[in-house]
Structures are given as C-alpha cells and as structure tokens.
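For reference, the chains in residue letters:
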Amino acid sequence: MGAHLGEFEQLVLLALIHLGDEGYGISVRDEIHRRTGRDPAFATVYTTLTRLADKGLITSRMGEPTAERGGRRKKYYAILPAGRRAIQASLHALRGMSHGLDTSWGMP
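Quick look at the structure, then. (Residues numbered from 1 in each chain as written. Predicted model: local features only at pLDDT ≥ 70, side-chain atom pairs only at ≥ 80, totals over all residues. Heavy atoms only, no water.)

Considerations on a nonpolar patch on the surface
What counts here: Patch criteria: residues need more than 30% relative accessible area and no salt bridge. Like-charged residues are merged within 9 Å; nonpolar side chains of Val, Leu, Ile, Met, Phe, Trp and Tyr are merged within 5 Å. All accessible-area figures derive from a Shrake-Rupley calculation using a 1.4 Å probe, and residue coverage is judged against the displayed protein chains alone. Think of a salt bridge as a Lys or Arg side-chain nitrogen and an Asp or Glu carboxyl oxygen that are within 4 Å of each other. Elements are defined by DSSP. Helices are runs of H or I of four residues or more, strands are runs of E of two residues or more, and each kind is numbered from the N terminus.
Taken together, the side chains of I26, F42 and Y46 make up a nonpolar region of the molecular surface, amounting to roughly 250 Å² of accessible area. Checked against the element boundaries, F42 lands in helix α3 (residues 42–54).

Structure representation (structure tokens):
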C-alpha cells in the first residue's frame, strides 16, 4: 500500500512535476500560487518538502552558489518513483470519487 497524501502534499508533488529539474522552495510556492491562486507561506512549503522527503517520495540536491542569492545555494527537489506512484494513486482516487457527479462540481 502506497503513501496517502494530504491535499497540500498533492499540490507540492504536482508543482515538482511541472517544474522538472528546477524545483526549489520558492519556485514550488510560486507554481502553486500561479496555478491555484493560493498564497502558501514559505514555511508551509518547506515543511511539506521535508515531510515528502522523509516519506521517501522526493529527493533533494544542492545547487551551485549564485551571486543573485549572495553566494548561497538553492536546494533543488525532484520527485522519486514512489512519489509518482503516490500522486497517481491520489489522482485515480479523486477521479473515481468525482465520477458521476453533476458537472457543476467540476472534475479534477
């Protein structure tokens, strides 16, 4: 049985899929904001990224220091196969639960 995901965990994983190799905390937050209109706190994003890594659903790597960040490095995140399976299972469950609902509810 795979990992069960909370709603915000689903949003973070989907953001990482959209961002590919360029996903880091701020870009994940911006992608969620752009696609959902939500304005999550950075702490919420980083806490969720840490939780997803602890679950073995994503991995991280440190990037090179950049002048724009005063020599600090970005921490990039990528989804692992277990993360892909978890988000696929979540989307499948949502589709199954929404199937047959009146179209006024909208479909995932």
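Having put the structure on the table, let's press on.
A few points about the packing of aromatic side chains
When we look at a pair of aromatic rings, we describe it by the centre distance and by the angle of the planes. Rules: Aromatic rings from Phe, Tyr and Trp, with only the six-membered ring used for Trp, were paired whenever their centres fell within 6.5 Å, and each pair was classed as stacked if the ring planes differed by under 30 degrees, edge-to-face if by over 60, and tilted otherwise. Burial status follows relative accessibility: with a 1.4 Å probe on protein chains alone, a residue under 20% of its type maximum counts as buried, one over 50% as exposed, and anything between as partly exposed.
Going through the model one piece at a time under the given rule, you end up with 1 aromatic pair. When the centroid spacing of 5.8 Å and the interplanar angle of 75° are considered together, the rings of Y24 and Y76 count as edge-to-face. Of this pair, Y24 sits in strand β1 (residues 23–24) while Y76 sits in strand β3 (residues 73–79); the two residues are 52 residues apart in sequence, bridging distant segments of the chain. Neither residue differs from the other here; Y24 and Y76 are each classed as buried.

Observations regarding the nonpolar core
Filter applied, for reference: Throughout, nonpolar core names a set of buried Ala, Val, Leu, Ile, Met, Phe, Trp, Tyr and Cys residues whose side chains join them through atoms within 4.5 Å. Whether two residues are in contact is decided by their heavy atoms: any pair within 4.5 Å suffices.
Counting residues in hydrophobic clusters, the biggest one holds 19 residues, and the most contacted among them are V12 and V28. In terms of residue count, helix α1 (residues 7–19) provides more of this core than any other element does, 7 residues in total. With residues up to four places along the chain from it excluded, the contact list for V28 reads V12, A15, L16, L19, G23 and V45.

Focus: the sheet that holds β1
Keep this limit in mind: Strands are labelled as partners when DSSP assigns at least two bridges between them.
Taken in spatial order, the 3 strands of this open sheet run β1-β3-β2, and their pairing is antiparallel. The strands lining the two open edges of the sheet, one partner per strand, are β1 and β2 (58–65). Both β2 and β3 contribute to a ladder of 6 bridges, which runs antiparallel. Residue S60 lies in a different strand from β3, and its bridge partner there is Y77.

Description of the environment of K75
Summarising the element assignment, K75 is placed in strand β3. For the pair K75 and G63, spaced 12 residues apart in the sequence, the C-alpha separation amounts to 6.0 Å. Excluding its chain neighbours within four sequence positions, the residues that come into contact with K75 are G23, Y24, G25, S60, R61 and M62.

Points about the side chain of Q10
Within the element layout of this structure, Q10 appears in helix α1. When residues no more than four places from it in sequence are discounted, the contact partners of Q10 are L5, I87, S90 and L94.

Section: the packing of α1 against α3
Spelled out, the test is: To get an axis, a line is fitted to the C-alpha atoms, and for a helix only the part in contact is used. The angle between two axes follows their N-to-C directions and goes from 0 to 180 degrees. Angular relationships are summarised with four words: roughly parallel below 35 degrees, roughly antiparallel beyond 145, roughly perpendicular across 65 to 115, and oblique for the angles in between. Each residue is assigned to one of three groups, with Ala, Val, Leu, Ile, Met, Phe, Trp, Tyr, Cys and Pro labelled nonpolar, Asp, Glu, Lys and Arg labelled charged, and all others, Gly among them, labelled polar.
Direction vectors running N to C along α1 and α3 enclose 85°, while the axes themselves pass 10 Å from each other. Taken together, the axes of α1 and α3 lie roughly perpendicular to each other. Side by side, α1 and α3 meet where F8, E9, V12, L13 and L16 of the first sit next to T44, V45, T48, L49, R51 and L52 of the second. Residues belonging to the contact of α1 with α3 are distributed by class as follows: 7 nonpolar, 2 polar and 2 charged.

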